[in-house]
Amino acid sequence: AMNSGNFVFSATNGVPNWPCYILVSTNLALPLNQWTIVATNSFNANGNFTFTNSTDPTLPQTFYLLQLQ
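Residues numbered from 1 in each chain as written. Predicted model: local features only at pLDDT ≥ 70, side-chain atom pairs only at ≥ 80, totals over all residues. Heavy atoms only, no water.

Here we come to the nonpolar core. Listed in full, the 9 residues of the largest apolar core are Phe 7, Phe 9, Ala 11, Cys 20, Ile 22, Ala 39, Phe 43, Phe 49 and Phe 51. When residues of this core are traced back to their parent elements, those giving at least two are strand E2 (6–11), strand E3 (19–25) and strand E5 (49–54). The biggest single contributor to this core is E2, with 3 residues. Excluding anything up to four places from it in sequence, Phe 43 contacts Ala 11, Gly 14, Val 15, Pro 16, Asn 17, Trp 18, Cys 20, Asn 48, Phe 49, Leu 66 and Leu 68. (Core = buried A, V, L, I, M, F, W, Y, C linked by side-chain atoms within 4.5 Å. Buried < 20%, exposed > 50% of the residue type's maximum accessible area, 1.4 Å probe, protein only. Helix = DSSP H or I, 4+ residues; strand = E, 2+ residues; numbered from the N terminus. Contact = heavy atoms within 4.5 Å.)

Below is the structure:
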């Protein structure tokens, strides 16, 4: 979702404190091992996760992926 020029990525019902990565790519067909890790985080104690990233309209479309560990 977009919020005040920021991209907000949320997840629920995760395993509490479970680690995860946020991966990005401008090419959706690219193999996952070639996507870039932009954040390492964990679900909170309630199993929720939120990642916020500022957007730049001059950059190409970017795809985001939540990868669990």
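Tracing the chain through its elements places Ser 25 in strand E3. Reaching out from Ser 25, the side chain makes a polar contact with the backbone oxygen of Asn 27 at a distance of 2.9 Å. Once residues within four sequence positions are removed from consideration, Ser 25 is found in contact with Leu 30, Trp 35, Gln 61, Thr 62 and Phe 63. (Polar contact = N/O pair within 3.5 Å; in protein donor to acceptor, adjacent residues only side chain to side chain.)

Next up on the list: the confidence of the model for the protein. This prediction gives the protein a mean pLDDT of 91; 97% of its residues lie at or above 70. Mean pLDDT in the protein bottoms out at strand E1 (residues 2–3), which sits at 69, and peaks at E3, which reaches 95. (pLDDT = per-residue confidence, 0-100.)

Take the sheet that holds strand E6 (residues 63–68) next. The strands that make up a sheet are held in pairs by hydrogen bonds between backbone atoms, and each pair lies either parallel or antiparallel. The 3 strands lie next to each other as E4-E3-E6, forming an open sheet whose pairing is antiparallel. Each edge of the sheet is formed by a strand with only one pairing partner; in this case those strands are strand E4 (36–42) and E6. On average, each strand axis in the sheet is inclined to that of its neighbour by 25 degrees, with strand direction left out of account. Pairing geometry for E3 and E4, over 6 bridges, is antiparallel. (Pairing = 2+ DSSP bridges. Axes fitted to C-alpha atoms, helices over the stretch in contact; angles between N-to-C directions.)

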